[in-house]
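Here are the chains, one letter per residue:
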Amino acid sequence: GTMNPFQHGEVFVTDDGAETDLDIGHYERFSGISAKKSDNITTGQIYSDVLKKERKGKYLGKTVQVIPHVTDRIKEFIKSDIKNEDFVICEIGGTVGDIESLPFLEAIRQFSNDIGKKNTLFIHLTLVPYMRASDEIKTKPTQHSVKELRSIGIQPDIIICRSERNIPLEQRKKISLFCNVDIKNVIQTIDVKTIYEAPISFNNEKLDKQVLDYFKIKSKKSVNLNPWKKIIKIVLSPRKHVNIAIIGKYVNLKDAYKSLDEALVHGGIHNNLKVNLVRIESDNLKPTEIKKKLINVSGILIPGGFGKRGTEGKIAAIKYARINKIPFLGICFGMQMAIIEFARNVLNIKTASSSELNSKCTPVVGLIHEWKKDGKTIRGTNKDLGGTMRLGLYEAELLNNSLIKSIYKAKSIKERHRHRYEVNINFKKHFEKKGLIFSGNSPDKNLPEIIELKNHPWFIGVQFHPEFKSRPLSPHPLFSSFIKAA
Ligand code: GLN
């Protein structure tokens, strides 16, 4: 929960408020199923559970060891929260040979033994590099990683070979022979132009068939991949293009706003056009350069963020979007910055800011207890920073005749949150008098969830992260509408 996006990319948030790795977002986008806390675990959580159990004396004074205590906890986690599922897909991140992943690999080795080999299938993903200089495909890294895997007792049943180009039969045979895997189970996965081609590419390589054959399951009918084909067509040969600026602190790392990038692509799919993402580093954005840098964009988006660095650039860009009537979407920190911009430049409160950025400011954004004495804060203060924000799904009621209500076509919505600070409700009247309305609010009316501008074609700020719920087969209405406006 305290992780900087520069480390592993975005922190993905689930409905039930788990702060997870961005891989979980990919699973949600491809499967269409919302993930839960019970879908992701880290070494730290495993050890923390084992230590808690030890302190409670649950190991009856035995020596606590990686095997069996840590591995048992991992196996318990795999088995938890399973109802009538046909398959459990269990992904172990990292690379074979990493010290960190060893207990996990040992645990799945045991797991296969526990429930029987015919009920488990090991898929190993390897890299098959292409050497340009000698025009060769190299199978050695695959051979070595399989050797490493076998040394800890796991024989892969299927090897998925990631490659830049087609792997010739001769090399496949080599992998099959050296790695002790049926040639039909050496599956290549060649780089695709859009990630949404992956299901089709795996189907062409018969990965699904091989998995079913292994488990001796007869396929009832062939899988319908038409929805994915439609998506690819729009993504790869769009009718039109639209440029959207994302102004943030982590724009140099591609994965830092992964779900957001995807949600914008989905918005494009819905409108049958390609979204070009113009990533602008907020740190270097001088107010004098705003016009030059934003002249070719049709929409401006300020994503979530933390801390002071780069905020003045964001505020200047919001002012530009507001005055020039350019479609604007502010997400979480982006909405908070829009509130600050409006307070400073329209309400003329020059000291307006967020107490996250300046403890001596006029807190138009801050912690609830700063303006409400009995304010029950839903997040911890003066406690740990990790896992104590407002996390996961919260309800917002939408105002009649608002733009947001026409977009969602609903009275109330539930979206995923991840923030500590809130917009100060005490300034509501001042904002509304000048045309910035709070068009979505928590059911108890204490927390502004959505803001919009009356005299602007499309200017919306949301305290939550709609990008986490957008999927290629069901694009999020907020992004569809934003792209349409742009
Ligand atoms: N830093 C802000 C807060 O904690 C916004 C967080 C975010 O954008 N996710 O409230």
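Structural data are supplied above this passage.
Asks: Quick one: what's the story with the site of the ligand, residue by residue and with numbers?
Replies: Surveying the vicinity of the ligand reveals the residues Gly304, Gly305, Phe306, Cys332, Phe333, Gln336, Glu356, Arg418, His419, Arg420, Tyr421 and His465. The contact in question runs from a nitrogen atom of the ligand to an N or O atom on the side chain of Glu356, over 2.8 Å. A distance of 2.8 Å is found between a nitrogen atom of the ligand and a backbone nitrogen or oxygen belonging to Arg418. Contact with the protein chains covers 99% of the free accessible surface of the ligand, which is 300 Å². The cavity where the ligand resides is the second largest pocket. For the shell around the ligand, the secondary-structure elements that each account for two or more residues are helix 14 (333-345) and strand 15 (412-419). Among the residues making up the shell around the ligand, the classes are represented as four nonpolar, five polar and three charged.

Asks: Please provide a residue-by-residue account of the layout of surface pockets, values included.
Replies: Approximately 640 Å³ is the volume attributed to the second largest pocket. Lining the second largest pocket are 28 residues; nearest its centre among them are Tyr250, Gly305, Phe306, Met389 and Arg418. Breaking the lining of the second largest pocket down by element, the ones donating at least two residues are helix 14 and strand 15. Residues that form the lining of the second largest pocket fall into these classes: 15 nonpolar, eight polar and five charged.

Asks: Could you give me a rundown of the side chain of Thr139, with the residues and numbers involved?
Replies: Summarising the element assignment, Thr139 is placed in the loop between strand 5 (136-137) and helix 6 (140-151). Judged by its relative accessible area of 3%, Thr139 falls in the buried class. Among the polar contacts made by the side chain of Thr139, one reaches the side chain of Gln143 at a distance of 3.0 Å. The residues contacting Thr139, other than those within four sequence positions of it, are Gln171, Lys174 and Ile175.

Asks: Pulling in residues and values, what's your account of the pattern of salt bridges?
Replies: When charged atoms on two side chains of opposite charge get close, those side chains can pair. The tally for this structure, following the rule as stated, stands at 26 salt bridges. Among the ionic pairs, Arg73 bridges to Asp49, the shortest N-O distance being 2.8 Å. Within this pair, whereas Arg73 is found in helix 4 (residues 66-79), its partner Asp49 is found in helix 3 (residues 43-55), the two being separated by 24 residues in sequence. A relative accessible area of 19% places Arg73 in the buried class. Notably, a salt bridge pairs Arg322 with Glu341, separated by 2.8 Å at the nearest N-O pair. Pair noted here: Arg322 is in helix 13 (residues 311-323) and Glu341 is in helix 14, with a separation of 19 residues, a long-range link. Overall, the relative accessible area of 14% leaves Arg322 in the buried class. With a relative accessible area of 1%, Glu341 lands in the buried category.

Asks: I'd love a proper account of the environment of Ser354, names of residues and values included.
Replies: Within the secondary structure, Ser354 is located in strand 12 (residues 352-354). On the basis of relative accessibility, which here comes to 0%, the residue Ser354 falls in the buried class. With 69 residues separating them in the primary sequence, Ser354 and Val423 have C-alpha atoms 8.6 Å apart. Non-local contacts of Ser354, meaning those with residues more than four positions away in its chain, are made with Ile340, Cys361, Val365 and Tyr421.

Asks: Which residues make up the packing of aromatic side chains, and what values go with them?
Replies: One pass over the structure, following the stated rule, counts twelve aromatic pairs. Note on Phe30 and Tyr196: the rings are 5.6 Å apart at their centroids and 45° apart in plane angle, and the pair reads as tilted. Of this pair, Phe30 sits in helix 2 (residues 23-31) while Tyr196 sits in the loop between strand 7 (186-190) and helix 8 (198-204), placing them 166 residues apart in sequence. When its relative accessible area of 28% is taken as the criterion, Phe30 is described as partly exposed. For Tyr196, a relative accessible area of 2% translates into the label buried. Aromatic pair Phe431 and Phe438: ring centres 5.9 Å apart, planes at 40°, arrangement tilted. By way of ring pairs, the aromatic residues Phe6, Tyr250 and Tyr257 are connected into one cluster. Seen from the ring of Tyr130, Arg165 lies directly overhead, with NZ or CZ sitting 3.7 Å from the centre. Over the ring of Tyr394 we find Arg390; its NZ or CZ atom is 4.9 Å from the centre of that ring.

Asks: Can you lay out helix 2 for me, pointing to particular residues and giving the numbers?
Replies: Within helix 2, the full set of buried residues consists of Ile24, Gly25, His26, Glu28 and Arg29. Tucked into the core, helix 2 has its buried residues touching strand 1 (12-13), strand 2 (19-20), helix 10 (226-236), helix 11 (258-270) and strand 15. One or two steps after helix 2, the chain reaches Gly32, where phi turns positive at roughly 75°.

Asks: Kindly report on the nonpolar core, identifying the contributing residues and their values.
Replies: Within the largest apolar cluster, 45 residues are counted, with the highest numbers of intra-cluster contacts made by Ile247, Leu294, Ile300, Ile339, Val364 and Phe431. If you tally residues by element for this core, the top one is helix 14, at eight residues. Setting aside residues no more than four positions away along its own chain, Ile247 makes contact with Ile280, Ser282, Leu285, Leu294, Ile300, Leu301, Ile302, Pro303, Lys314 and Ala317.

Quick notes on the rules
Residues numbered from 1 in each chain as written. Predicted model: local features only at pLDDT ≥ 70, side-chain atom pairs only at ≥ 80, totals over all residues. Heavy atoms only, no water. Near = heavy atom within 4 Å. Polar contact = N/O pair within 3.5 Å; in protein donor to acceptor, adjacent residues only side chain to side chain. Areas by Shrake-Rupley, 256 points an atom, 1.4 Å probe, with all protein chains shown as cover. 1 Å grid on protein atoms, 1.4 Å probe; cavity = no way out; pocket = protein on both sides within 12 Å on 5 of 7 lines; lining within 4 Å. Sits in = over half its atoms within 2 Å of the grid points. Helix = DSSP H or I, 4+ residues; strand = E, 2+ residues; numbered from the N terminus. Nonpolar A, V, L, I, M, F, W, Y, C, P; charged D, E, K, R; others polar. Points joined across faces, edges and corners; volume = space filled by probe spheres on them. Buried < 20%, exposed > 50% of the residue type's maximum accessible area, 1.4 Å probe, protein only. Contact = heavy atoms within 4.5 Å. Salt bridge = Lys/Arg side-chain N within 4 Å of Asp/Glu carboxyl O. Phe/Tyr/Trp six-rings, centres within 6.5 Å; stacked < 30°, edge-to-face > 60°. Lys NZ or Arg CZ within 6 Å of the ring centre and 35° of its normal. Core = buried A, V, L, I, M, F, W, Y, C linked by side-chain atoms within 4.5 Å.

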